[in-house]
Every structure is written in structure tokens, then in C-alpha cells.
Amino acid sequence: LFKKVGDKKGMVGMQIEIGDIYFKQQKYEGSLPSYKQALKSYEDLKDTKGQITALNRIGTAYSQWGNYDEAYIFLSRALDLAKKNNLNSQANAISQNLEVVKKNMSNWQKSQTEYAVQAEKEQQKKTKEQEMQIRTKESEISQLASQNIKSMEEIEQLSVEAQLKELKIKTQ
């Protein structure tokens, strides 16, 4: 409808609304194409406030989705644009969103570090267990080799005794 009547701002508003529907359903990845299309349209219209709104929504969607690096990029762009145009209330709201992203990034990095430490401990434990199993197998092999040598010596001794008996029998 907006397209037929040439209402570009109405079309952009509809793109934002579609993105918001996905966002409210917690389908953050699904909201991004609509928000990004709205951003492009706002850029074409040279609508600074609209660009800030779209950038903020894109950053927030990435944040909720767990992609903090992308969230940081889009929210930083929104904040820079808001500050450049003296839109203080929007800049304050975006700053709060950026703080949440920074905190989440920090928590994520901390959890990744803790995970890496735990994984290293698990690997060390597994390595020690494998080394212990190897030592046990080496000991078993050594015992079997000793038993094999002893058995070979016994067989050789029996063979010598048998040959002696045979000679004794032949000499009788």
C-alpha cells in the first residue's frame, strides 16, 4: 500500500514494524533483514533520526542474539551519529545499550576463559590417565616378556634334558 502511493517513510516504518514483530518473538536473527533494509532506506532519505533508530535496533537485535561484536559496531555507529547531531536523549539510551553489550562481552570473555581453563584441566587429567594406562601396559608387556623368556629357557632346558635321556637310552 505504501509502495503504491509512494510513501517512502511509510514503507520504512513498515520495515521497522516487521523487524519489531520478529524481535518481540525473540527471533532476533529474523529481525535483522528488516532493520537493515530500513537503515538503507533511511540513509537514502537522509533521515538521521531514522538511521539512529535503525542502527540502535540492529545493535540491540545482535546483542540479544548474542553477537556482541556486531552489536557493539552498530550501537557505536548509532551513538556517534546521535552525538554528532546533538540528539542527547537518543545518545543516552544508546549509551545504556552499549554498556549492556560491553558487560555481556566481558562476561562472555570471562566464561570463555573459564571454559578454556577447565578444558585445559580436563585435557591434562586425560593425558595423565593415558600416561598411566601406557605405563600399566608397558609393565604388563615387560612381565609377559619375562615370562616368555623364562618359558623359552624352560623349554630349552627340557629339550636338553630330553636329548640327554635320548642319548642315555641309545648308549644303553
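Some details on the pattern of salt bridges
Summed over the entire model, instances satisfying the criterion amount to six salt bridges. Between Asp20 and Arg57 there is a salt bridge; the shortest N-O distance is 3.0 Å. Separated by 37 residues along the polypeptide, Asp20 in helix α2 (residues 8-24) and Arg57 in helix α4 (residues 48-65) bring together distant segments of the chain. According to the relative accessible area criterion, Arg57 is partly exposed, its value standing at 28%.

Quick look at the nonpolar core
Counting residues in hydrophobic clusters, the biggest one holds 27 residues, and the most contacted among them are Ile58 and Ile94. Only α2, α3 (28-45), α4, α5 (68-84) and α6 (88-171) provide two or more residues apiece to this core. Sorting elements by how many residues they give to this core places α5 first, with eight residues. Not counting residues within four places of it along the chain, the set of residues in contact with Ile94 comprises Ile52, Asn56, Leu75, Ala78, Leu79 and Ala82.

Observations concerning the environment of Lys27
Looking at where Lys27 falls in the secondary structure, it is placed in the loop between α2 and α3. Separated by 38 residues in sequence, Lys27 and Trp65 have C-alpha atoms that sit 8.3 Å apart.

Side note on the confidence of the model for the chain
Per-residue confidence for the chain averages 86 on the pLDDT scale, and 90% of its residues sit at or above 70. Least confident of the elements in the chain is helix α1 (residues 2-5), whose mean pLDDT is 48; most confident is α3, at 95.

Focus: the packing of aromatic side chains
All chains considered together, the criterion is met by three aromatic pairs. When the centroid spacing of 5.0 Å and the interplanar angle of 70° are considered together, the rings of Phe23 and Tyr28 count as edge-to-face. Look at Tyr28 and you get buried, because its relative accessible area is 14%. Measuring from ring centre to ring centre gives 5.7 Å for Tyr62 and Phe74, while their planes differ by 20°; the resulting arrangement is stacked. Note that Tyr62 is positioned in helix α4 and Phe74 in helix α5, a separation of 12 residues in sequence. Using a relative accessible area of 7% as the deciding quantity, one classes Tyr62 as buried.

Some details on the packing of α4 against α5
Where α4 meets α5, the closest approach of the two axes is 7 Å, and the angle between their N-to-C directions is 160°. If you check the angle between α4 and α5, you find them roughly antiparallel. Of the two elements, α4 crosses α5, and the hand of that crossing is left-handed. For the pair formed by α4 and α5, the contact residues are Thr48, Gln51, Ile52, Leu55, Asn56, Ile58, Gly59, Thr60, Tyr62 and Ser63 on the first element and Tyr68, Glu70, Ala71, Phe74, Leu75, Arg77, Ala78, Leu81 and Ala82 on the second. The residue makeup of the contact of α4 with α5, split by class, is 11 nonpolar, six polar and two charged.

Remarks on the packing of α2 against α4
Their axes nearest at 12 Å, the elements α2 and α4 cross at an angle of 20°. Considering their axes alone, α2 and α4 lie roughly parallel with respect to each other. In the packing of α2 onto α4, the handedness of the crossing is left-handed. Seen from α2, the contacting residues are Ile16, Asp20 and Phe23; seen from α4, they are Ala54, Arg57, Thr60, Ala61 and Gln64.

Some points on a nonpolar patch on the surface
A contiguous nonpolar surface patch, about 250 Å² in accessible area, is contributed by Met14, Ile18 and Tyr22. A residue is classified by how much of its surface remains accessible, and Ile18, at 36% relative accessible area, is partly exposed.

Procedures and definitions
- Residues numbered from 1 in each chain as written.
- Predicted model: local features only at pLDDT ≥ 70, side-chain atom pairs only at ≥ 80, totals over all residues.
- Heavy atoms only, no water.
- Salt bridge = Lys/Arg side-chain N within 4 Å of Asp/Glu carboxyl O.
- Helix = DSSP H or I, 4+ residues; strand = E, 2+ residues; numbered from the N terminus.
- Buried < 20%, exposed > 50% of the residue type's maximum accessible area, 1.4 Å probe, protein only.
- Core = buried A, V, L, I, M, F, W, Y, C linked by side-chain atoms within 4.5 Å.
- Contact = heavy atoms within 4.5 Å.
- pLDDT = per-residue confidence, 0-100.
- Phe/Tyr/Trp six-rings, centres within 6.5 Å; stacked < 30°, edge-to-face > 60°.
- Axes fitted to C-alpha atoms, helices over the stretch in contact; angles between N-to-C directions.
- Parallel < 35°, antiparallel > 145°, perpendicular 65-115°, else oblique.
- Left-handed = near helix turned anticlockwise from the far one by under 90°.
- Nonpolar A, V, L, I, M, F, W, Y, C, P; charged D, E, K, R; others polar.
- Patch = residues over 30% accessible without salt bridge, like charges linked within 9 Å, V, L, I, M, F, W, Y side chains within 5 Å.
- Areas by Shrake-Rupley, 256 points an atom, 1.4 Å probe, with all protein chains shown as cover.

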